Amino acid sequence: MSDNKFSPIAVALEKDKNYSWCTCGHSINQPFCDGSHRAQNATPPMRFSCEEDKNAHLCTCKLTSNPPYCDGTHKK
Ligand code: FES
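Please read these numbers as outputs of a predicted model, since none were measured by experiment.

## Details of the overall build of the chain
Across its full length, the chain carries 1 helix and 4 strands. Ordered by position from N to C terminus, the α and β elements of the chain give β-β-α-β-β. The globule rule puts the C-alpha radius of gyration for 76 residues at 11 Å, and the 12 Å found for the chain is close to it. In terms of principal-axis extent, the alpha carbons of the chain reach across some 35 × 30 × 20 Å. Within the chain, the proportion of its 76 residues that are buried is 36%. Taking all contacts inside the chain whose residues are at least 6 apart in sequence as the whole, residues at least 24 apart take part in 54%. Accessible surface computed for the chain: about 5200 Å², of which carbon and sulfur atoms make up 47%. Charge-centre separation for the chain: the mean point of 9 positive side chains lies 7 Å from the mean point of 8 negative side chains.

Now the structure itself:
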């Protein structure tokens, strides 16, 4: 389990499904958007999809250089 609140979250992504990755950090449904950015007047989600089913670690620190995927920046 995570020892860091900004550790990435492992998710199973489905081919051609549309996802909204939270960019603002306010969602309580991390790593996905729950609409909280509107009330916070924060940045909107990043929409993405995958060309194949895959397991991935999505960024929660929001500092990754490869959104929505974790690039290890949270450890720095
Ligand atoms: S709640 Fe963070 S982008 Fe929507």
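Now that the structure has been shown, we can carry on.
## Here we look at the UniProt feature "domain: Iron-binding zinc finger CDGSH type" (unreviewed entry) in the chain
The sites that UniProt annotates as "domain: Iron-binding zinc finger CDGSH type" (unreviewed entry) are residues 6-43 and 45-76. Spanning residues 6-43, this segment combines 13% helix with 21% strand, and its end C-alpha atoms are found 18 Å apart. With 0% helix and 25% strand, residues 45-76 has end C-alpha atoms that lie 24 Å from one another.

## What to know about the environment of Leu-13
Tracing the backbone shows Leu-13 in strand S1 (residues 9-13). Leu-13 gets classed as buried once you look at its relative accessible area, which sits at 3%. Sequence separation of Leu-13 and Gln-30 is 17 residues, and the distance between their C-alpha atoms is 14 Å. Ignoring any residue separated from it by four or fewer positions in sequence, one finds Leu-13 in contact with Tyr-19, Phe-32, Phe-48, Cys-50, Glu-52, Asp-53, Lys-54, Ala-56 and Tyr-69.

## Quick notes on the nonpolar core
Val-11, Leu-13, Tyr-19, Trp-21, Phe-32, Phe-48, Cys-50, Ala-56, Leu-58, Cys-59, Cys-61 and Tyr-69 form the largest nonpolar core, which has 12 residues in total. Beyond its immediate chain neighbours, meaning those up to four positions away, Phe-32 contacts Val-11, Leu-13, Tyr-19, Ser-20, Trp-21, Cys-22, Ser-27 and Leu-58.

## Quick notes on the packing of aromatic side chains
Enumeration according to the criterion identifies 3 aromatic pairs in this entry. Centroid distance Tyr-19 to Phe-32: 5.6 Å. Interplanar angle 25°. Geometry classified as stacked. With Tyr-19 in strand S2 (residues 19-21) and Phe-32 in the loop between S2 and helix H1 (36-40), this residue pair connects regions lying 13 residues apart in the sequence. No difference in accessibility class separates Tyr-19 from Phe-32, as the two residues are buried. Ring geometry for Phe-48 and Tyr-69: centres 6.3 Å apart, planes at 70°, overall edge-to-face. Here Phe-48, found in strand S3 (residues 46-48), pairs with Tyr-69, found in the segment after strand S4 (54-58); they are 21 residues apart in sequence, far enough to count as distant. According to the relative accessible area criterion, Phe-48 is buried, its value standing at 10%. We classify Tyr-69 as buried; its relative accessible area is 18%. Taken together, the aromatic side chains of Tyr-19, Phe-32, Phe-48 and Tyr-69 make up a single cluster linked through ring pairs.

Parameters at a glance
Residues numbered from 1 in each chain as written. Predicted model: local features only at pLDDT ≥ 70, side-chain atom pairs only at ≥ 80, totals over all residues. Heavy atoms only, no water. Helix = DSSP H or I, 4+ residues; strand = E, 2+ residues; numbered from the N terminus. Rg over C-alpha atoms; globule rule 2.2 N^0.38 Å. Buried < 20%, exposed > 50% of the residue type's maximum accessible area, 1.4 Å probe, protein only. Contact = heavy atoms within 4.5 Å. Areas by Shrake-Rupley, 256 points an atom, 1.4 Å probe, with all protein chains shown as cover. Lys, Arg positive; Asp, Glu negative; His and termini not counted. Charge placed at Lys NZ, Arg CZ, Asp CG, Glu CD. UniProt positions renumbered as here; feature names shortened; annotations may be inferred. Core = buried A, V, L, I, M, F, W, Y, C linked by side-chain atoms within 4.5 Å. Phe/Tyr/Trp six-rings, centres within 6.5 Å; stacked < 30°, edge-to-face > 60°.

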